[in-house]
Amino acid sequence: MSGSWTASAPHERDVASTIRRLEGRLARERAARAEAERIAESGLRTLYEQQRRLRTVHTITTLASQGIVLSELLTRALEAVREHTGWSLGFVHFLPGTVAVDYSLRTHLSGCSHTHPLACDRLYDVLAEESGAAAQTWLAALEEEEHTASVPTLQWASEAGLPLLLSIPMKVGEYVVGYVGFFVPTTHIDAELLEIVRHTAAILSQAYERHAAQQALQQSEEQYRSIFDHASDAIFILEGGSGRFIKCNGAYGSFLGYSVDELLTMSILDVSDLTLGELQGVEDRIRRDKSADLGERMHRHRSGHYIPFEVSASHVALGGSELFVIVARDVSERKRYEEGLIEAKERAESFSRLQGQFLSNMSHEFRTPLAGILGCAEVLATEVSSDLHEFVAMIDESGRRLMQTLQGVLDLSDLENEVDRAAPSMHRLRSVAHGAVRRHFAAAVAKGLRLDLDAPSASGDVAVYTDERLLSRILDHLIHNAIRFTPSGTVRLRVDVSEGEACLSVIDTGVGIHEAFLVNAFEPFTQEDTQHARQHEGAGIGLALVQRTAQVLGARVTVQSVVGEGSAFTVCLPTNRPPHFESTTHV
């Protein structure tokens with residue numbers, strides 16, 4: 001008994017040790033199995049959450065790719081995030097002035113009793129109902145921020161007494177256009193949930209950008225359609241090669257007497273004077289230059305008569321199609337107006353020719369008896385007694401005045417042809433001016449006036465390219481007028497030369513001209529004194545002749561005058577000699 005007990009005690013201790021070891025191993029295996037199960041469960045949970053996150057992002061991405069309207073996309077995107085996160089309230093808020101978003105879409109809510117888009121002025125009250133009155137404070141601050149301002153921090157929102165407010169900016173390029181926000185019931189946000197909101201903000205930013213582009217495109221299309229349909233000019237689009245009408249506006253149909261639908265079954269060859277070969281040539285020209293002014297083209301009205309159009313065209317390659325955009329303006333009224341102008345011009349020219357012929361005939365009829373009267377007066381002056389000389393002198397003076405007036409009228413009538421009869425050459429101003437003074441010297445002395453020539457060597461030796469006969473006519477009229485309107489004092493002819501031009505000035509100390517009359521001084525048959533008992537006689541054609549003659553010579557005439565002090569008429573001619581002219585200078 002004693003030996004048997006002694007032998008089993010160590011054995012029992014070994015068994016107990018073995019059992020303890022087995023139990024420890026089993027515990028460790030159980031712990032390992034539990035850890036493995038925990039790890040597997042965590043992995044599965046993580047995989048599940050990742051799959052849910054990917055499903056949520058995929059749902060929002062799919063919604064954005066379906067082309068649904070922006071308001072519906074905002075609602076469904078916010079609902080998808082709320083369903084994934086369990087958050088009670090979310091919103092999308094567009095900043096004021098955002099392009100292509102109307103006022104009703106400014107703020108979009110999800111998760112509250114208000115399920116439709118709300119205007120901004122109602123947003124604060126709604127958020128106050130759902131999340132506490134302090135929400136109004138935060139969104140008021142958000143409304144005042146600039147587009148590129150940073151979003152208030154989560155710490156700031158917590159200090160304002162709000163549930164945790166998560167707000168992610170929506171950006172287009174570098175510009176913030178709005179925010180995606182959620183009121184979160186915890187102070188901790190999982191990184192993956194934050195990533196979902198960021199993805200949502202990015203997707204909605206892209207959706208907004210597409211929406212803005214579509215709005216701009218739609219607006220552009222509406223503007224184009226309005227311009228196309230309501231333009232007063234004809235606008236139509238032709239198919240390349242065939243000339244078939246692809247599109248045309250109502251104005252073109254009205255011009256030709258067709259409806260738009262009728263024109264769309266026709267080609268340009270049916271309503272114009274073009275042949276197929278000519279059409280191909282025109283298309284080649286437009287294709288080469290991209291756009292072309294085709295000038296005047298005739299288009300046939302439904303009734304058969306032709307209408308003139310001024311046509312411009314441009315070439316458009318659209319995919320595999322070749323189109324030509326045509327703008328045509330009806331110029332029928334302008335053509336009739338131009339034809340009326342041409343007819344009026346021809347009548348005026350015919351009248352001018354008849355007037356010239358009449359004056360030429362009358363010139364002969366007047367000159368012949370006037371020459372006889374003046375001749376008889378000259379004979380009588382030597383034959384009659386002295387007490388009759390006064391009457392003979394009166395006859396001679398009246399006849400010469402009538403002859404001078406007749407000559408002035410004829411000169412004015414002939415001025416239109418003076419350019420053809422002009423004989424320009426180089427002439428020294430001193431020589432021309434000296435001749436003019438010499439011709440009028442006796443008349444000035446007879447009236448008790450001084451007639452001076454002021455032509456310094458530096459100025460008088462300058463030569464100009466002009467017609468001496470016409471220039472002398474100008475000086476004769478100006479000096480004659482100066483003597484006639486100067487009761488006493490001096491008449492002076494001055495020669496001046498400046499850079500590029502030479503000037504001849506007739507200066508008197510006469511009665512002068514009122515400033516109000518100066519604008520009409522060069523009009524034919526006008527005089528400042530129009531009373532029957534005026535002091536100075538004349539037909540009022542002298543200064544008109546001066547102006548018209550100066551225009552023929554390419555000269556300019558100016559006048560300065562002060563009533564009671566005198567007048568100064570200046571004629572300026574260019575001194576540049578034409579390079580092609582070769583002749584001897586007249587001295």
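Located above this text is the structure these notes cover.
Structure report, in brief. (Residues numbered from 1 in each chain as written. Predicted model: local features only at pLDDT ≥ 70, side-chain atom pairs only at ≥ 80, totals over all residues. Heavy atoms only, no water.)

Observations regarding the overall build of the protein chain
Defined as follows: In DSSP terms, a helix is any run of H or I states spanning at least four residues, a strand is any run of E spanning at least two, and both are numbered starting from the N terminus. For every residue, the accessible area obtained with a 1.4 Å probe (protein chains only) is divided by the maximum for its type, and the residue is called buried under 20%, exposed over 50%, and partly exposed between those limits. Contacts were defined at the residue level, with two residues in contact if any of their heavy atoms lie within 4.5 Å. All accessibility values rest on the Shrake-Rupley procedure with a 1.4 Å probe; residue burial counts only the protein chains present in the view.
Looking only at helices and strands, the protein chain has 17 helices and 16 strands in total. Split into buried and exposed, the 587 residues of the protein chain put 36% on the buried side. Partitioning the contacts of the protein chain with sequence separation of at least 6, the portion at a separation of at least 24 is 58%. Per element, the accessible surface of the protein chain, about 33,600 Å² overall, is 54% carbon and sulfur.

Overview of the sheet that holds strand β9 (residues 321–330)
Strands belonging to one sheet form pairs held by backbone hydrogen bonds; the direction of such a pair is parallel or antiparallel. Cut-off, in case you're wondering: Only strands that DSSP links by at least two bridges are regarded as paired with each other. Whenever a helix is involved, its axis is fitted only over the stretch in contact; in every case the axis is a line through C-alpha atoms, and angles between N-to-C directions fall within 0 to 180 degrees.
Strand order in the open sheet formed by five strands is β6-β5-β9-β8-β7, with antiparallel pairing between adjacent strands. Of all strands in the sheet, those bounded by a partner on one side alone are β6 (245–248) and β7 (291–300). Put simply, the sheet's adjacent strands are angled 30 degrees from each other on average, direction ignored. Where strand β5 (residues 234–239) meets β6, three bridges bridge the pair, whose relative direction is antiparallel. Bridge pairing in β6 places Ile237 opposite Lys247. Of the strands in this sheet, β5, β7, β8 (306–318) and β9 touch helix α9 (residues 276–289), which is tilted by about 155 degrees from β7.

Looking at the environment of Val311
Inspection of the secondary structure puts Val311 in strand β8. On the accessibility criterion, Val311 (5% relative accessible area) is buried. Sequence spacing of Val311 and Arg329 is 18 residues, and the spatial spacing of their C-alpha atoms is 6.6 Å. For Val311, the contacting residues outside a window of four places in its chain are Ala292, Asp293, Leu294, Gly295, Arg297, His299, Ile326, Val327 and Ala328.

Some points on the sheet that holds strand β13 (residues 490–498)
Read across the open sheet, the five strands follow the order β11-β13-β14-β16-β15; overall the sheet is mixed. Either end of the sheet is taken by a strand with one partner, and the two such strands are β11 (450–454) and β15 (556–562). Across the sheet, the mean angle from the axis of one strand to that of its neighbour is 15 degrees, orientation sign disregarded. Where strand β14 (residues 501–508) and strand β16 (residues 566–574) come together, seven bridges link them in antiparallel fashion.

What to know about the pairing of β8
By the bridge criterion, nine bridges tie β7 to β8 in an arrangement that is antiparallel. By the bridge assignment for β8, His299 is matched with Ile307. Counting the residues in the hairpin turn of β7 and β8 gives five residues, including Gly304, whose phi is positive at 115 degrees. Pairing of β8 with β9, which is carried by ten bridges, proceeds in the antiparallel orientation. Across the sheet, the residue bridging to Val316 is Leu323, located in β9. Between β8 and β9, which pair antiparallel and follow one another directly, the connecting turn spans two residues, one of which, Gly319, has a positive phi of 65 degrees.

Details of the nonpolar core
Note the following rule: Residues enter a nonpolar core if they are buried and are Ala, Val, Leu, Ile, Met, Phe, Trp, Tyr or Cys, with the set joined through side-chain atoms within 4.5 Å.
Leu478, Leu493 and Leu504 are the most contacted members of the largest nonpolar core, which has 39 residues in total. The set of elements that each furnish at least two residues to this core consists of α13 (429–446), α15 (468–484), β13, β14, α16 (515–518), α17 (542–553), β15 and β16. The greatest single-element share of this core, amounting to eight residues, is contributed by α15. For Leu478, the residues in contact, after removing those within four places along its chain, are Val506, Leu543, Val546, Phe569 and Val571.

Brief notes about the pairing of β13
Pairing between β11 and β13: five bridges, direction parallel. Within β13, the position partnered with Leu451 by the bridge is Val491. Where β13 meets β14, eight bridges bridge the pair, whose relative direction is antiparallel. Residue pairing in the sheet places Val495 in a bridge with Leu504 of β14. Linkage of β13 to β14, two consecutive antiparallel strands, is achieved through a turn of two residues, within which Gly500 is found at a positive phi near 90 degrees.

Some remarks on the state of the cysteines
Operational definition: Whenever a pair of cysteine sulfur atoms sits within 2.5 Å, that pair is classed as a disulfide.
Across all of its chains, the model carries one disulfide by this definition. The side chain of Cys503 participates in a disulfide bridge whose partner is Cys572; the two sulfur atoms lie 2.1 Å from each other. Judged by the sign of its S-S torsion, about 105 degrees, the bond between Cys503 and Cys572 is right-handed. Pair noted here: Cys503 is in strand β14 and Cys572 is in strand β16, with a separation of 69 residues, a long-range link. For the pair Cys503 and Cys572, one class covers both residues: buried.

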